[in-house]
Amino acid sequence: MAEIWHDEATGAWLAEMHSTAYAFGLADGGTTLRHLHWGGPLPRAALGGLQATAAGAMPRHERQLSQAPSERPDEYVPWGGLRFDEPSLKAEFGDGTRGVEWRVTEQRVLKRGPVTTLEVDLADTAYPLLVTLAYRVYDGFDVLDRWATLRHVGRAGDPPVTIRQGHSANWWLPPRAGWRLRYLHGGWGAENQLAQTPLTPGKVVLESRRGTTSHQLNPWFTLDPEGTATEEHGEVWSGALGWSGSWKLVFETTAGGHVHACGGVNDFDWSYRLDPGGELALPRFAGLYVAGGFGAASREWHAWQLAYVLGRGDDRDRLSARRVPPGFSTTPPPRITATPPAEVARRSAAASAAPPRVTSVQVPPAHAAGSMPPLRPVLYNSWEATSFNVNEAGQIRLAELAARLGIETFVMDDGWFGERHHDRAGLGDWTVNPQNFPRGLGPLIDRVNELGMRFGLWVEPEMVNPDSDLYRAHPDWVFHFDARTRTQQRNQLVLNLARPDVAEWMFTTLDRLLSENKIEFIKWDMNRSFSEPGWPARAGDNPERSWTDYVHNLYTVFDALRAAHPGVDFESCASGGGRVDLGILRRVDQVWPSDNTDAWDRVKIQEGFTQVYPPQAMMAWVTDSPNYLTKRELPLSFRFHVAMAGALGVGGDLHHWTDAELTEAAELIATYKEIRPVVQRGRLYRLASVLRGPFAASQYVAGDDVVVFAWWGPQPSGARPPRVRLAGLDPAARYRETGSGQEHWGAALLADGLPLPEETKYTFGSTLVRLVRA
Ligand code: GLA
């Protein structure tokens, strides 16, 4: 059970999760909320004592300038009054007043099955700004999901309220002698590299200013006291932000010695004007505490995402009566029609099942709350095989080979549309290229279906090549400043999706593509960062809010497409892993972690990825050897064993695979289908880290089934044969290896582990061991 309990007597709230607790309470006569607790379970009877230390604190205006460490920090820090910690909220009012003074006015709790949500309203004492803090807990989980919603509650004609900083949450850590921060950084081809640093007085800022989540940093962290946690032991606090645009996380050791993490939308170059009735829902920021090390934190993140995040849409409900229907945000600028009205009408008629215009979207989750999402099919992707050289005959030949392997979804990547013969043209023109597909996509899709596979397609709808019909028709649709260069990256510009007309065009275009063709999978790519993020038509009219409007409209397009085409699966890709976060994961079924498909590099990328994101969402292809990027040669079985640790795909040029390779691949894919439920839904134990040397191993456990992968690079001469100690087993049970039939005591597997084949120790090698509890 998970509950949120309010103690009327003391004015404190206690979120009681599976095995942890979180608490905060009213203070300063209802003008402040103070943080009380985040960690292990807290008896209700203890709440009053904690709350007394907060409620009895000296009123803020009488306090000395330096906050004493014993004081309880602000639960959600507004800028205003004697506050010097990194704020979550900075607002400016119509008369030039900056800074917030507020009072708690209302609370609401809603229990919907296994999910409980608390909303607490804080109303500004002089201006029409209402801030609602939301807290959500889930039966059986230790994840606390938080967000804030900002509303202008004035009447028409009232001056606006401008938000200059709007974070989703402050996460306060308990007093400890010191903290270690771990996070993920990287770059193209090298995403999800784990980094760590001790927190010293001052701030550490992690952020993206690129308009996307970014390859460079990912909005996730762990904090452990004095660097004491290990993979399987120790206290770990962790947080993950659900936002696919520019974001910011600040880790601050305050002057008073408190440590907190706060973050959300990046305030860089951003402000958001709320007019009367206006509302800004800030991204969700989830946090969890575990006592069982980094592995336990990852397992909790994975299980929660499977049950409540992957492909769910944004299931936030406002508990108060007034609901603002989601639609393409922002006040429409002077309207520019994307397509002639007659053409729009014709397309809408063609797309009979789809809503003609998206103003309100109810997202039907693909699976019931708390239940597991469907297993990911084994996929083939054409990119590394055919690059931009795609045509009907060539793709059919690839599909026939893919079917022979047991592939379940065949995906045609870039190159099928417009004049897209290379990366210099065509983006934006989402109609099938008539030379390469004179009969449209129909015959290819029919053949793929006949071969027993679903058909998938690559798109990059947020981008345009200057050499495209779309750009020639709408040069003003891209982010730009009139007097500045329109800087290109990969020969492309970013469509200003904050514009409602662009959002509408995007939905209509993709909706038509999905309505006219039997497409069951979309790989949604996004291959550049924002630059010159201007919107000249909105000059002087808060164009800076386009950083957030872009992402809101992106989510709305996704949600609308999912609602109109519930049978279509989606993958998020951004030049590899540039858009992986809990926000996009709500809209897609899987993500592409990296364009680097070298299996040995991938071991490290996957180790970083699985710190927070689940193996089920981690698409992994087996590609050719030598690898196109690293030129490294690796055995086929090695490449498979790495890719089988996530959602398996194949991306090699099958024409060049020998018969023996095709046969071996078919066998490994058959094996994968057997272990797939364990890999995609099981509990993951990272047994050995590649960060410690050229050897890594992972184990997955679901019910009585256990799957172990080990991968190693060349070992130094004289190295002892590696053994891998298992985890998460019953010491008193016996486990049988499915291959050899050999049986082991759980206790022996936990203490001494499994021996690994020695013959390959001087080269790259891998093994897959399956065990069943006897
Ligand atoms: C990006 C993606 C690749 C591929 C190409 C196509 O680089 O990450 O997987 O789809 O675009 O242009």
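This one's a predicted model, so the numbers in the text were calculated from it and none came from an experiment.

## Things to note about the sheet that holds strand β36 (residues 743-745)
Part 1: As summarised here, the arrangement of the six strands in space is β31-β32-β33-β38-β35-β36, forming an open sheet in which the pairing is antiparallel. Edge strands, defined here as strands with exactly one partner in the open sheet, are β31 (683-688) and β36. Across the sheet, the axes of successive neighbouring strands diverge by a mean angle of 25°, strand direction being ignored.

## Topic: the packing of aromatic side chains
Each aromatic ring pair is characterised by the separation of its centres together with the angle its planes make.
Part 1: Inspection of the entire model under this criterion finds 42 aromatic pairs.
Part 2: Look at Trp-38 and Trp-171: their rings are 4.6 Å apart centre to centre, the planes differ by 35°, and that puts the pair in the tilted class. Taken as a pair, Trp-38 in strand β4 (residues 32-39) and Trp-171 in strand β10 (residues 161-173) lie far apart in primary sequence, 133 residues in all.
Part 3: Centre to centre, the rings of Trp-416 and Trp-430 are 5.9 Å apart; their planes meet at 45°, and the pair counts as tilted. Of the two residues, Trp-416 sits in the loop between β22 (409-412) and α6 (442-450) while Trp-430 sits in the loop between β22 and α6, which places them 14 residues apart along the sequence.

## Brief notes about the pattern of salt bridges
Part 1: All told, the structure shown has 52 salt bridges when counted by the stated rule.
Part 2: Here Asp-224 and Arg-180 are joined by a salt bridge, their closest N and O atoms 2.9 Å apart. Within this pair, whereas Asp-224 is found in strand β14 (residues 220-225), its partner Arg-180 is found in strand β11 (residues 179-185), the two being separated by 44 residues in sequence.
Part 3: Classification of Asp-224 by relative accessible area gives buried; the value is 0%.
Part 4: On the accessibility criterion, Arg-180 (15% relative accessible area) is buried.
Part 5: The salt bridge partner of Arg-773 is Asp-730, with a shortest N-O separation of 2.8 Å. Of this pair, Arg-773 sits in strand β38 (residues 765-773) while Asp-730 is found in the loop between β34 (723-724) and β35 (734-737), placing the two residues 43 residues apart along the sequence.
Part 6: Residue class for Arg-773 comes out partly exposed when judged on its relative accessible area of 33%.

## Re the layout of surface pockets
Part 1: Within this model, the second largest pocket holds a volume of roughly 1000 Å³.
Part 2: Forming the walls of the second largest pocket are 34 residues, and the residues nearest its centre are Arg-686, Leu-687, Ala-688, Ser-689 and Arg-692.
Part 3: Counting residues per element, the ones that place at least two in the lining of the second largest pocket are β11, β12 (193-199), β31 and β34.

## Quick notes on the site of the ligand
Part 1: Around the ligand sit 13 residues in total, of which Asp-413, Asp-414, Lys-523, Asp-525 and Asp-595 are the nearest.
Part 2: The separation between an oxygen atom of the ligand and a polar side-chain atom of Arg-490 is 2.9 Å.
Part 3: Take Asp-595: an N or O atom from its side chain is 2.6 Å from an oxygen atom of the ligand.
Part 4: Protein contacts shield 96% of the accessible area of the ligand, which totals 310 Å² for the unbound molecule.
Part 5: Residues that form the shell around the ligand fall into these classes: four nonpolar, three polar and six charged.

## Describing the packing of helix α11 (residues 599-609) against helix α12 (residues 636-643)
Part 1: In the contact formed by α11 and α12, the axes pass within 9 Å of each other and the chain directions differ by 15°. Between α11 and α12, the crossing angle belongs to the class labelled roughly parallel. Seen along the crossing, α11 lies across α12 with a hand that is left-handed. Residue-level inspection shows Ala-599, Trp-600, Arg-602, Val-603 and Gln-606 of α11 in contact with α12, the latter providing Phe-638, Arg-639 and Val-642.

## Topic: empty space enclosed by the protein
Part 1: Tallied over the full model, the rule gives 10 cavities of 30 Å³ or more.
Part 2: Considered as a void within the structure, the largest cavity measures approximately 110 Å³ in volume.
Part 3: Lining the largest cavity are 14 residues; nearest its centre among them are Gln-606, Glu-607, Arg-686, Ser-698 and Trp-711.
Part 4: Elements supplying a minimum of two residues to the lining of the largest cavity: α11, β31 and β32 (695-702).

## Re the nonpolar core
Part 1: Of all hydrophobic cores here, the largest spans 187 residues; its most connected members are Leu-129, Ile-163, Trp-304, Trp-416, Phe-640, Leu-654 and Phe-709.
Part 2: Sort the elements by how many residues they give to this core and helix α9 (residues 546-564) lands first, with nine residues.
Part 3: Dropping the residues within four chain positions of it, Phe-709 is found in contact with His-641, Met-644, Ala-645, Ile-675, Val-679, Ala-696, Ala-697, Ser-698, Tyr-700, Thr-767 and Leu-768.
Part 4: With 20 residues, the next largest nonpolar core counts Ala-688, Val-706, Tyr-735 and Leu-749 among its residues.

## Structural notes on the pairing of strand β26 (residues 521-524)
Part 1: Taking every second residue as pointing to the same face, both faces of β26 are buried, with Phe-521 and Lys-523 on one and Ile-522 and Trp-524 on the other.
Part 2: The pairing of strand β23 (residues 454-459) with β26 spans four bridges and is parallel. Pairing of Val-459 across the sheet is with Trp-524, part of β26.
Part 3: The sheet contact formed by β26 and strand β27 (residues 569-572) spans four bridges and is parallel. Across the sheet, residue Phe-521 finds its bridge partner in β27, namely Asp-569.
Part 4: Each parallel crossover has a hand, and for β26 linked through α9 to β27 it is right-handed.

## Focus on the environment of Ala-647
Part 1: Assignment of secondary structure puts Ala-647 in strand β30 (residues 647-650).
Part 2: On the accessibility criterion, Ala-647 (0% relative accessible area) is buried.
Part 3: Spatially, the C-alpha atom of Ala-647 lies 7.1 Å from that of Val-378, the residues being 269 residues apart in sequence.
Part 4: Every residue in contact with Ala-647, bar those within four places of it in the chain, is listed here: Arg-376, Pro-615, Gln-616, Met-618, Met-619, Ala-620, Tyr-672 and Gln-680.

## Here's the deal with helix α5 (residues 392-405)
What sets the pattern is the α-helix's 3.6 residues per turn: residues three or four places apart point alike.
Part 1: Helix length check: α5, at 14 residues, gives a terminal C-alpha distance of 20 Å against a target of 20 Å (1.5 Å per residue), a fit within 8%.
Part 2: Turning to α5, its buried residues number three or more, namely Glu-392, Gly-394, Gln-395, Ile-396, Leu-398, Ala-399, Leu-401, Ala-402 and Leu-405.
Part 3: By the N-cap criterion, in which a side-chain oxygen at the helix start approaches the backbone nitrogen of a residue two or three places on, α5 is capped by Asn-391, the distance to Ala-393 being 3.4 Å.
Part 4: Gly-406 sits one or two positions beyond α5 and adopts a positive phi of about 100°.

## A few points about a nonpolar patch on the surface
Part 1: On the surface, a cluster of nonpolar side chains totalling about 290 Å² of accessible area is made up of Trp-188, Tyr-628 and Leu-629.
Part 2: Of note, Tyr-628 is situated in the loop between β29 (619-622) and α12.
Part 3: Overall, the relative accessible area of 38% leaves Tyr-628 in the partly exposed class.

Calculation rules
Residues numbered from 1 in each chain as written. Predicted model: local features only at pLDDT ≥ 70, side-chain atom pairs only at ≥ 80, totals over all residues. Heavy atoms only, no water. Pairing = 2+ DSSP bridges. Helix = DSSP H or I, 4+ residues; strand = E, 2+ residues; numbered from the N terminus. Axes fitted to C-alpha atoms, helices over the stretch in contact; angles between N-to-C directions. Phe/Tyr/Trp six-rings, centres within 6.5 Å; stacked < 30°, edge-to-face > 60°. Salt bridge = Lys/Arg side-chain N within 4 Å of Asp/Glu carboxyl O. Buried < 20%, exposed > 50% of the residue type's maximum accessible area, 1.4 Å probe, protein only. 1 Å grid on protein atoms, 1.4 Å probe; cavity = no way out; pocket = protein on both sides within 12 Å on 5 of 7 lines; lining within 4 Å. Points joined across faces, edges and corners; volume = space filled by probe spheres on them. Near = heavy atom within 4 Å. Polar contact = N/O pair within 3.5 Å; in protein donor to acceptor, adjacent residues only side chain to side chain. Areas by Shrake-Rupley, 256 points an atom, 1.4 Å probe, with all protein chains shown as cover. Nonpolar A, V, L, I, M, F, W, Y, C, P; charged D, E, K, R; others polar. Parallel < 35°, antiparallel > 145°, perpendicular 65-115°, else oblique. Left-handed = near helix turned anticlockwise from the far one by under 90°. Contact = heavy atoms within 4.5 Å. Core = buried A, V, L, I, M, F, W, Y, C linked by side-chain atoms within 4.5 Å. Right-handed = clockwise from strand over helix to strand, strands pointing away. Expected span 1.5 Å × (residues − 1). Patch = residues over 30% accessible without salt bridge, like charges linked within 9 Å, V, L, I, M, F, W, Y side chains within 5 Å.

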